[in-house]
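# Report on the structure
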Amino acid sequence: MERKLATFLRVMNICLFSLLAVVAHANQPSKRPPPTVEIQAVGQQTLAQQLSALAVLKAQESIMLKPEVAGRVTAINFNEGQVVKEKQLLIQLDDDLLKAELATYQASLDLAQTEYQRYQALVKEQQVSVLDYERKKAELAQIKASMALVQAKIRQKQIRAPFTGVIGLRQFSIGDVLQANQNLVRLNKMNALKAEIKIPETHSQSVFVKQTVNLQVDGLANLVLKGQVAAIEPSLDANTRALIVRVNIPQVDSRVRDGMTARASFVLGQQQAIIVPEQALVAQGGKFVVFVFNNNEVKATPVEVGQRQVGQVVINKGLQVGDRVVVSGQNKLSKPQMPVKAIPVQ
């Protein structure tokens, strides 16, 4: 009986130890697999070196029409916003008195012309003195000069378009009495544009005449205008210390308005640059790092960021061609250096 009891106790102990071993093994923490990240090899591309600056777009020609003399408006020969032709009569001021004066001179001219012709024949026959002939000649010239003066005053009563363009909104009506040099309506020549751009003093030597310029219009998405440097101000602006550059833009979109702003990009040359996807950058402590993969682990590497493009960024310092960088899965990396499972970017 005692032998059976001892055997039973040994079996129970073995079972108990086995159970404890199983429980202890189950309670041991399982080793987590390394995080999976997507990597991509760093490449090199040829990039255009560019200088960016703010540009203000202007009409090729723009003028505020103003009367030279005072007068009452008797006719308006345009509609607001329409295209008017060069030398087209736009505004007529009252010129009745001048036309009456011109008619008086015309009658005097006819008489003076007849007497002059008669004296011209008589002086050849020596029937009148040369002095009387010269007086008639002077009288005729004086009347012609007076007529030319009245005709010039009549032209001042006519406001014509100095060039073909788009007329703006008028600030007057028929019957208004206008004053000399009063603002009436703006006329813009929009078949071409020009842009004035201020270049920082430090880049003043990078701009030259006939240089290509691309202009991204702020108010119109996806519209890029092509221009060329036409002239450069010889002196820097006294207030901003900037160089003022004028760019001509021959091809114009009808949506562009005088006074719109654009971002001008000057093509300065080309350079070989290391390019990485923009999502590879991680901001840490006010700087950027990129996780570089090597020997089954990644390491956070500080980089110096350069020019940005759509979806890409230039790395000026910190990477070499051929380095493999993490482009997806950085949120799984809790340490500056740790093992990972890397797969090529999809």
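Residues numbered from 1 in each chain as written. Predicted model: local features only at pLDDT ≥ 70, side-chain atom pairs only at ≥ 80, totals over all residues. Heavy atoms only, no water.

A separate point is the pairing of strand E9 (residues 185-200). Sheet topology places strand E7 (residues 165-167) next to E9; two bridges connect them, and they run antiparallel. Bridge pairing in E9 places Val-166 opposite Asn-188. Taken together, the eight bridges between E9 and strand E12 (residues 242-249) define a ladder with antiparallel strand orientation. By the bridge assignment, Lys-194 is partnered in E12 with Asn-248. (Pairing = 2+ DSSP bridges. Helix = DSSP H or I, 4+ residues; strand = E, 2+ residues; numbered from the N terminus.)

With that settled, consider the sheet that holds strand E6 (residues 158-160). Taking strand neighbours across the sheet as the criterion, the four strands line up as E6-E5-E3-E8 in an open arrangement whose pairing is antiparallel. Edge positions in the sheet fall to E6 and strand E8 (177-178), since each has one partner strand and no second. Judged from the three bridges that link them, strand E3 (residues 71-76) and strand E5 (residues 89-93) form a sheet pairing that is antiparallel. Considered in E5, the bridge of Ile-76 is made with Ile-91.

In this structure, Leu-57, Ile-197, Ile-199, Leu-215, Leu-225 and Phe-266 are the most contacted members of the largest nonpolar core, which totals 24 residues. Where this core is concerned, the elements lending two or more residues are strand E2 (43-65), E9, strand E10 (212-217), strand E11 (224-232), E12 and strand E13 (261-277). If we skip the residues at most four places from it in the chain, Ile-197 touches Ala-53, Leu-54, Ala-55, Leu-243, Ile-244, Val-245, Val-247, Ala-264 and Phe-266. Grouped together as the second largest cluster of nonpolar side chains are 17 residues, Val-73, Leu-93, Ile-159 and Leu-187 included. (Core = buried A, V, L, I, M, F, W, Y, C linked by side-chain atoms within 4.5 Å. Buried < 20%, exposed > 50% of the residue type's maximum accessible area, 1.4 Å probe, protein only. Contact = heavy atoms within 4.5 Å.)

Looking now at helix H2 (residues 96-124). For H2, spanning 29 residues, the distance from its first C-alpha to its last is 42 Å, which sits close to the expected 42 Å at 1.5 Å a residue. Turning to H2, its buried residues number three or more, namely Leu-98, Leu-102, Leu-109, Ala-112, Tyr-116, Tyr-119, Leu-122 and Val-123. Those residues of H2 hidden inside the fold are in contact with helix H3 (130-156). Of the residues flanking the end of H2, it is Gln-126, one or two places downstream, whose phi is positive at about 60 degrees. (Expected span 1.5 Å × (residues − 1).)

Let us look at the pattern of salt bridges. Going through the model one piece at a time under the given rule, you end up with seven salt bridges. Note that Lys-136 is salt-bridged to Glu-115, the shortest N-O span being 2.6 Å. Separated by 21 residues along the polypeptide, Lys-136 in helix H3 and Glu-115 in helix H2 bring together distant segments of the chain. According to the relative accessible area criterion, Lys-136 is buried, its value standing at 16%. Given a relative accessible area of 23%, Glu-115 falls into the partly exposed group. Between Glu-196 and Arg-246 there is a salt bridge, with its nearest N and O atoms 2.5 Å apart. (Salt bridge = Lys/Arg side-chain N within 4 Å of Asp/Glu carboxyl O.)

By themselves, these are just geometric observations and shouldn't be taken as functional.
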